[in-house]
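# An overview of the molecular structure
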Amino acid sequence: MRDWSKAEWVDPTYNWKPLPVPDMPERLLIDFATRCNLRCHMCPVWGLEDKGQIDSVEGIMDLEAARKMLDGFTKSQPMVAPSIYGEPLLIPNLREVFTDMKRRGIAIAMNTNGLTLTEDLAEFFCEIGVDSIMFSLDSTTPETLKKVRGVDKLAKIEAAVFRMLRVRSDRQSPRVGVSFTIQGTNKHEEQEFVDRWVGVVDVVRMGIIFENGTFPDMIEPPKRVPCAVIYKTMPVHNDGSVRLCCLDGVRATDMGNVFEQGVKDVWQGEAFAKARYYHETEQWDKVPFCKNCNGWAQYEYSEEVKDGLLIRRSPEYAYYNLIGRLSSWKGNLLGGHKPPPEELQMKSKKSQPNGIGHPSTTASCDDCEARVAVDDSPR
């Protein structure tokens, strides 16, 4: 950890005692391809009305530059989310990109709309050991999906979820989940979504919407603390540029460029150091992007064990984790969560055939997929 205590921007009257920063980021968000086949209105990029702003961030990451970036991780392997604002299934040479990361021992956790997930691709993800796949659904009816994501192909996306579960069968990976971002257009379907998917997939994630620089529905803890994200996560855009936070879709912040400087020099560099210093000394106004944001509260979790579920809630998220599939949730895949209680991990291993799988789900996947697969043409 580089010493910045003598930097000119450090005010000695604050008696600053820096918090520890890992040598390298634990999580990398990499936009291998900033392209998407949806136009969700809540998205900080594709929801923009200014096409010029969208054009300025679109692009494809150079594969050799990406490899060189990952070469910097010699002593540790980060968890990688292979997209920030792009749809990962649209990455050119996706198989080559993912295989290269898994050969390095990197955990891959992807969020997808699932519209272009084929049987062959689902099998590939299982074969190479992709660690987690989260399908963004946000609705229980086509009409609501149309309002939230601009398409009414709910049956197609649900079919992709069941296809992934069926192909995985009782293999340990990937961990399969569905997500729902609560907002005005879908709030009436929130409980119905939980009821539909809990017990079917490994995890159901319910979150709140980010808009106008904050989470308006966030119930914050009484005292603001430094945001854990800037000590764990590095968002890398397709041109190698790094932003302070994944919520910075229009590149309002500039932390450096990993293609030019390398991951460590950016992560331990002055731009990140200044942001952390201002957070730690509560000078929030010195970091305009963070000033009014309340995302710092997302790691304050409560925990409940109920009806075969490990339920974790924070001001931003609620996670309904199937206890029978907890053994696949470990290591870097935890993404800031503490590990599940040891007794639940043991229970998970005992409840699964050969230590893995979820028989009550996989046995019914063929029927479920058949019921919802009404449109299988790529969008």
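Residues numbered from 1 in each chain as written. Predicted model: local features only at pLDDT ≥ 70, side-chain atom pairs only at ≥ 80, totals over all residues. Heavy atoms only, no water.

## Description of the pattern of salt bridges
If you walk through the whole model with that rule in mind, you get 18 salt bridges. The closest approach of N and O atoms between Asp 131 and Lys 102, which form a salt bridge, is 2.7 Å. With Asp 131 in the loop between α4 (119–128) and β6 (132–136) and Lys 102 in helix α3 (residues 94–103), this pair connects stretches of sequence that are 29 residues apart. Lys 102 matches Asp 131 in its accessibility class, with the two residues each being buried. Here Glu 303 makes a salt bridge to Arg 312, at a shortest N to O gap of 2.7 Å. A relative accessible area of 35% places Glu 303 in the partly exposed class. (Salt bridge = Lys/Arg side-chain N within 4 Å of Asp/Glu carboxyl O. Helix = DSSP H or I, 4+ residues; strand = E, 2+ residues; numbered from the N terminus. Buried < 20%, exposed > 50% of the residue type's maximum accessible area, 1.4 Å probe, protein only.)

## Structural notes on the packing of α4 against helix α6 (residues 154–168)
Helix-helix packing: each pair is described by the crossing angle between the helix axes and the interaxial distance. Their axes nearest at 9 Å, the elements α4 and α6 cross at an angle of 50 degrees. With respect to α6, the axis of α4 lies oblique. As α4 packs across α6, the resulting crossing turns out to be right-handed. Contacts from Glu 119, Ala 122, Glu 123, Phe 125 and Cys 126 of α4 reach α6 at Arg 163, Met 164, Arg 166, Val 167 and Arg 168. Here the contact of α4 with α6 is built from residues that sort into 5 nonpolar, no polar and 5 charged. (Axes fitted to C-alpha atoms, helices over the stretch in contact; angles between N-to-C directions. Parallel < 35°, antiparallel > 145°, perpendicular 65-115°, else oblique. Left-handed = near helix turned anticlockwise from the far one by under 90°. Contact = heavy atoms within 4.5 Å. Nonpolar A, V, L, I, M, F, W, Y, C, P; charged D, E, K, R; others polar.)

## A few points about the packing of α3 against α4
The geometry of α3 relative to α4 is characterised by a closest axis approach of 10 Å and an angle of 15 degrees between their N-to-C directions. Taken together, α3 and α4 sit at an angle that is classed as roughly parallel. Of the two possible hands of crossing, α3 and α4 adopt the one that is right-handed. Within the contact between the two elements, α3 uses Leu 94, Arg 95, Phe 98, Thr 99 and Lys 102 and α4 uses Asp 120, Leu 121, Phe 124, Phe 125 and Ile 128. Looking at the contact of α3 with α4, its residues break down into 6 nonpolar, 1 polar and 3 charged.

## Looking at the confidence of the model for the protein chain
Reading fine detail from the predicted coordinates is not recommended where pLDDT is low. Per-residue pLDDT for the protein chain has a mean of 87; in total, 87% of the residues score no lower than 70. Note that pLDDT drops below 50 for residues 353–364; the model gives that stretch 25 contacts with residues more than four away or on any other chain. Confidence drops under a pLDDT of 50 for residues 367–379, and excluding neighbours within four residues, the segment shows 25 contacts in the predicted structure. (pLDDT = per-residue confidence, 0-100.)

## Comments concerning the packing of aromatic side chains
Taken as a whole and judged by the stated rule, the model has 13 aromatic pairs. A centroid spacing of 4.8 Å and a plane angle of 50 degrees characterise the contact between Phe 180 and Phe 193, whose relative ring orientation is tilted. Pair noted here: Phe 180 is in strand β7 (residues 175–182) and Phe 193 is in helix α7 (residues 190–197), with a separation of 13 residues, a long-range link. Judged by its relative accessible area of 0%, Phe 193 falls in the buried class. For Arg 224, the ring lying beneath its charged end belongs to Trp 284, and the centroid distance is 4.0 Å. (Phe/Tyr/Trp six-rings, centres within 6.5 Å; stacked < 30°, edge-to-face > 60°. Lys NZ or Arg CZ within 6 Å of the ring centre and 35° of its normal.)

## Focus: α6
The end-to-end C-alpha separation of α6 is 21 Å, in line with the 21 Å expected for 15 residues at 1.5 Å each. Of all 15 residues making up α6, 13 are buried, and the element is well covered by its neighbours. (Expected span 1.5 Å × (residues − 1).)

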